[in-house]
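# Survey of secondary and tertiary structure
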Amino acid sequence: MYISKLALDHYRSWEHCIIDCAPGITIFYGNNGVGKTNIVEAMEFLSTGMSHRTHTAKPLIQAGQVSAHIRANVLFSKNSEESTQYALTLSSRGGHRARINGGKSQYLRDIVGDIPSVTFAPEDQKLISAEPSIRRHFLDAAAVFLVSGYYEKVQQYNHIAKQRAALLKNVAQLRATMNAGGAGVDFTHIFTSLEIWTDQLVNLGIDITQARQQTVDILSPVFTRIYAQLAGKQHTAQLQYIPSYDELNQFSDKKAAYDAIIAHYQRLFEGEVAQARNLIGPHRDDIAFMLNSMDAKDYASNGEMWSLALALKMALCEVLTEKTASSPLLVLDDVFAQLDNERRAHIMAFASHLPQVFITVAAKNDVPEEFFEKSSFVHFIDVEKLRANSMSMSNVPSLEDFMKQSEGDRAHA
């Protein structure tokens, strides 16, 4: 599988951008701030519905615009002569829409996971040492590909969690009004609504927790094997999922677990009202990286943390290749400057076997020359020139024109 053409309109710093791609290695180079990472981030968002740089889509839309567009021609087989065309519209008001081959409008959730990808970024080292939200982001991005319907459930859960938190805040405000001598308030309607939202939150939360556990179970043995290859067999590493709903580890029966979680919310109710937030749920999950039976977050060196992060991303690549029967797109976003020679060599050997790799660097020579010898195709793109060309574009192609496969695209196949 590979992308043969990518176009961006009003995406972050890009007013317009059209790029012809091919199998092999494509290297985007240029000074910081010219938009290299924005290009590969757009590929990531089209693939996963998420970005490793932000938790909302609003920053992805160019300032002053109400929408942004990502369009891509994708060939799922190297021998295929026809591409599948994806067109995604991001709206500042939400409700992002997508089309496949110019067909009917669909939701973003309907295309998420179609184009598997894995991104390596400088932030990856923080997977082990930083706050749990970074590890949850990785887990969500992986589960999108590995568990059917996962993305939609996470979106629904986040919406319900916001509604429930708003109700908790409302309870706190009404109590404060009463305590200040205000009129009495009938809380019956609020508590009924809160009970309904809590029921939905728990049911979705259980599904998400089980999907995340399934994802970790799939990745963990591959991660353990790859880390041993990177660091030596004398070192052992495992992934350990730490769900907020620990009741699922205590009860094998889903109904019993549900009842226990509801009881947990009831015990936490006063604390939740005081803080106006949901104190338990998948939004508080975590993953532990165990290195030699100890939590790597507490004692691993910087080099060991990099090796753990690399092993995790490599494991996801391998699992996706087995699951989809097609290797995922690989994005290396400014990582060569962060790695020592040994870890560079591991990345190079790994990436050389994948059909399409996108790399962002500040300068051409930031990528080791040995990397090029292992690939049948290496294409350099000067992003500053690309930006200059895009600024001079007088006629932006229509969706229909973009979707027409060029002879050049077929030649790449």
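Now for a quick tour of the structure. (Residues numbered from 1 in each chain as written. Predicted model: local features only at pLDDT ≥ 70, side-chain atom pairs only at ≥ 80, totals over all residues. Heavy atoms only, no water.)

## Focus: the layout of surface pockets
With a probe scaled to a water molecule rolled over the atoms, the places where space remains empty come into view. Inclusion rule: A 1.4 Å probe that fits into a set of points on a 1 Å grid over the protein atoms alone but cannot get out defines a cavity; an open set with protein on both sides within 12 Å along at least five of seven lines defines a pocket, and lining residues are those with an atom within 4 Å of a point. Grid points are joined across faces, edges and corners, and a volume is the space filled by probe spheres set on the points. Note on conventions: DSSP H or I runs of at least 4 residues are helices, E runs of at least 2 residues are strands, and numbering of each starts at the N terminus. Three classes are used, and their members are as follows: Ala, Val, Leu, Ile, Met, Phe, Trp, Tyr, Cys and Pro are nonpolar, Asp, Glu, Lys and Arg are charged, and the others, Gly among them, are polar.
Empty space within the largest pocket amounts to approximately 1,300 Å³. Forming the walls of the largest pocket are 36 residues, and the residues nearest its centre are His-55, Val-154, Gln-155, Asn-158 and Lys-162. In terms of residue count, the dominant contributor to the lining of the largest pocket is helix 4 (residues 150-179) (10 residues). Residues of the lining of the largest pocket, tallied by class, amount to 12 nonpolar, 17 polar and 7 charged. The calculated volume of the second largest pocket comes to roughly 430 Å³. Lining the second largest pocket are 23 residues; nearest its centre among them are Glu-44, His-52, Ile-134, His-137 and Phe-138.

## Thoughts on helix 3 (residues 132-146)
To be explicit about the condition: What a helix is expected to span follows from its residue count: subtract one and scale by 1.5 Å. Using a 1.4 Å probe on the protein chains alone, a residue whose accessible area is under 20% of its type maximum counts as buried, one over 50% counts as exposed, and one in between counts as partly exposed.
If you check helix 3, its first and last C-alpha atoms are 21 Å apart, about what 15 residues at 1.5 Å a residue would give, namely 21 Å. Taking burial as the measure, the 15 residues of helix 3 include 12 buried ones, the bulk of the element. Listed in full, the buried residues belonging to helix 3 are Arg-135, Arg-136, His-137, Phe-138, Leu-139, Asp-140, Ala-141, Ala-142, Ala-143, Val-144, Phe-145 and Leu-146.

## So, the environment of Thr-209
Selection rule: Between two residues, a contact is recorded if the distance between any of their heavy atoms is within 4.5 Å.
Here Thr-209 is to be found in helix 5 (residues 188-231). Considered as a pair, Thr-209 and Thr-224 are 15 residues apart in the sequence and their alpha carbons are 22 Å apart. Beyond its immediate stretch of four places on either side in the chain, Thr-209 contacts Tyr-241, Pro-243, Tyr-245, Leu-248, Pro-282 and Asp-285.

## So, the nonpolar core
Condition: To form a nonpolar core, buried Ala, Val, Leu, Ile, Met, Phe, Trp, Tyr and Cys residues must be joined to one another through side-chain atoms within 4.5 Å.
If you look at the biggest cluster of nonpolar residues, it comprises 118 residues, and the most contacted ones within it are Ile-70, Phe-120, Leu-330, Leu-332 and Ile-359. If we ignore the near neighbours within four places in the chain, the residues touching Phe-120 are Leu-310, Lys-313, Met-314, Leu-330, Val-331, Leu-332, Asp-333, Val-335, Ile-347 and Phe-350.

## What about helix 7 (residues 254-275)?
Keep this limit in mind: Note that bend, as reported per residue, equals the angle between axes fitted to the 7 residues terminating at that residue and the 7 residues originating from it. Polar contact criterion, stated in full: a pair of N or O atoms within 3.5 Å, where within protein one must be able to donate a hydrogen and the other to accept it, and residues adjacent in sequence count only if both atoms are side-chain atoms.
Of all the bends in helix 7, the greatest measures close to 55° and is centred on Leu-268. Burial in helix 7 covers these residues: Ala-257, Tyr-258, Ala-260, Ile-261, Ile-262, His-264, Tyr-265, Phe-269, Glu-272 and Val-273. Its buried side turned inward, helix 7 meets helix 4, helix 5 and helix 6 (247-250). The residue sitting at the N-terminus of helix 7 and contributing the capping side-chain oxygen is Asp-253; that oxygen lies 3.2 Å from the backbone nitrogen of Lys-255. Just downstream of helix 7, Ala-276 is the residue with a positive phi angle, here 55°.

## Notes on the sheet that holds strand 13 (residues 356-361)
Here is the rule: Strand pairing is defined by DSSP finding a minimum of two bridges between the two strands. In this analysis, axes come from line fits to C-alpha atoms, helices being fitted only over the stretch in contact, and the angle between any two N-to-C directions falls in the range 0 to 180 degrees.
Ordered in space as 8-12-13-3-14, the 5 strands form an open sheet in which the pairing is parallel. What marks the edges here is a single partner per strand, and that holds for strand 8 (117-120) and strand 14 (378-382). Each neighbouring strand pair of the sheet contributes to a mean axis angle of 15°, computed without reference to strand direction. Judged from the 4 bridges that link them, strand 12 (residues 329-333) and strand 13 form a sheet pairing that is parallel. Opposite Leu-332, over in strand 13, you have Ile-359 as the bridge partner. The sheet strands contacting helix 10 (residues 341-351) are strand 8, strand 12 and strand 13, and the helix crosses strand 12 at an angle near 155°.

## As for the packing of helix 3 against helix 9 (residues 302-324)
Inclusion rule: Roughly parallel means an angle under 35 degrees; roughly antiparallel, over 145; roughly perpendicular, 65 to 115; everything else is oblique.
Axis separation between helix 3 and helix 9 bottoms out at 10 Å; the angle between their running directions is 10°. Judged by the angle between their axes, helix 3 and helix 9 are roughly parallel. Counting all contacts with helix 3, which are made through Phe-138, Ala-142, Phe-145 and Leu-146, the residues of helix 9 involved are Leu-312, Lys-313, Leu-316, Val-319, Leu-320 and Lys-323. A class-by-class count of the residues in the contact of helix 3 with helix 9 yields 8 nonpolar, no polar and 2 charged.

## Description of the packing of aromatic side chains
Formally: We call Phe, Tyr and Trp rings a pair once their centres come within 6.5 Å, taking the six-membered ring for Trp, and we label the pair stacked below 30 degrees between planes, edge-to-face above 60, and tilted otherwise. Whether a charge sits over a ring depends on NZ of Lys or CZ of Arg being within 6 Å of the ring centre and within 35 degrees of the ring normal.
The tally for this structure, following the rule as stated, stands at 5 aromatic pairs. Look at Phe-223 and Phe-289: their rings are 6.0 Å apart centre to centre, the planes differ by 75°, and that puts the pair in the edge-to-face class. Taken as a pair, Phe-223 in helix 5 and Phe-289 in strand 10 (residues 286-291) lie far apart in primary sequence, 66 residues in all. Here Phe-223 matches Phe-289 in class, with each residue buried. Arranged with centres 6.3 Å apart and planes meeting at 80°, the rings of Tyr-245 and Tyr-265 form a pair that is edge-to-face. Taken together, the residues Tyr-245 in the loop between strand 9 (237-242) and helix 6 and Tyr-265 in helix 7 connect sequence positions 20 residues apart. Among the residues examined, Tyr-245 registers a relative accessible area of 0% and is labelled buried. Directly above the ring of Phe-120 sits Lys-313, whose terminal nitrogen or CZ lies 5.7 Å from the centroid. One residue, Lys-364, lies across the ring of Phe-380, its end atom 4.9 Å from the ring centre.

Such coordinate-based values are descriptive only and should not be taken to indicate function.
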